[in-house]
Amino acid sequence: MRHVLAHETAHARHLDPLWSLLRSVCLAVYWFDPLVWIAAAVSKADGELACDEAAIQALGEGERIPYGKTLLSLIPVRTGPGSPCCPPPP
């Protein structure tokens, strides 16, 4: 929980909700331009990486490996058969 809170606090400090709104407005206005879609995706990924870096900095260098393990534990893993493109029916 400490890792998640450090990450989300970094989002608040970086004003990421405001940047998300700006990205959404740009996508709404320039929906026809593929470069704007690419820029929005790269901007979002960059924001996540910046928050990861800020969280590790706030937690201390000793928490780097545990933080990475927390990130990996949050990735959903498919255990049953099925196509990776199509989720199984509910």
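Look up: the structure comes first, before these words.
Rules of the game
- Residues numbered from 1 in each chain as written.
- Predicted model: local features only at pLDDT ≥ 70, side-chain atom pairs only at ≥ 80, totals over all residues.
- Heavy atoms only, no water.
- Helix = DSSP H or I, 4+ residues; strand = E, 2+ residues; numbered from the N terminus.
- Contact = heavy atoms within 4.5 Å.
- Patch = residues over 30% accessible without salt bridge, like charges linked within 9 Å, V, L, I, M, F, W, Y side chains within 5 Å.
- Areas by Shrake-Rupley, 256 points an atom, 1.4 Å probe, with all protein chains shown as cover.
- Salt bridge = Lys/Arg side-chain N within 4 Å of Asp/Glu carboxyl O.
- Buried < 20%, exposed > 50% of the residue type's maximum accessible area, 1.4 Å probe, protein only.
- Polar contact = N/O pair within 3.5 Å; in protein donor to acceptor, adjacent residues only side chain to side chain.

*Asks:* Let's hear about the side chain of His3: which residues, and what values?
*Replies:* Its location among the elements puts His3 in helix H1 (residues 2–13). Non-local contacts of His3, meaning those with residues more than four positions away in its chain, are made with Leu59, Glu63, Pro66, Tyr67 and Thr70.

*Asks:* Quick rundown of a nonpolar patch on the surface? Include the residues and the values.
*Replies:* A surface patch of nonpolar side chains, amounting to about 1200 Å² of accessible area, comprises Leu15, Leu18, Trp19, Leu21, Leu22, Val25, Val29, Tyr30, Trp31, Phe32 and Trp37. Sorting elements by how many residues they give to the nonpolar patch places helix H2 (residues 16–29) first, with 6 residues. On the secondary structure map, Tyr30 appears in the loop between H2 and helix H3 (34–59). Owing to a relative accessible area of 42%, Tyr30 belongs among the partly exposed residues under this scheme.

*Asks:* Please give an account of unusual backbone geometry that cites residues and values.
*Replies:* For Leu15, which is not a glycine, the phi torsion comes out positive at approximately 60 degrees. Relative to the helices and strands, Leu15 is located in the loop between H1 and H2.

*Asks:* Outline the pattern of salt bridges, listing residues and values.
*Replies:* Oppositely charged side chains can pair when the atoms bearing their charge come close. One pass over the structure, following the stated rule, counts 2 salt bridges. The salt bridge involving Glu63 is made with Arg2; its shortest N-O contact spans 3.1 Å. Here Glu63, found in the loop between H3 and helix H4 (64–73), pairs with Arg2, found in helix H1; they are 61 residues apart in sequence, far enough to count as distant. The buried category is assigned to Glu63, whose relative accessible area is 17%.

*Asks:* Quick one: what's the story with the environment of His7, residue by residue and with numbers?
*Replies:* In this fold, His7 is placed in helix H1. In this structure His7 comes out as buried when scored by relative accessible area, which is 10%. With 47 residues separating them in the primary sequence, His7 and Ala54 have C-alpha atoms 7.4 Å apart. In terms of polar contacts, His7 uses its side chain to reach the side chain of Tyr67, at 3.0 Å.

Function-wise, these values are silent; they only describe arrangement.
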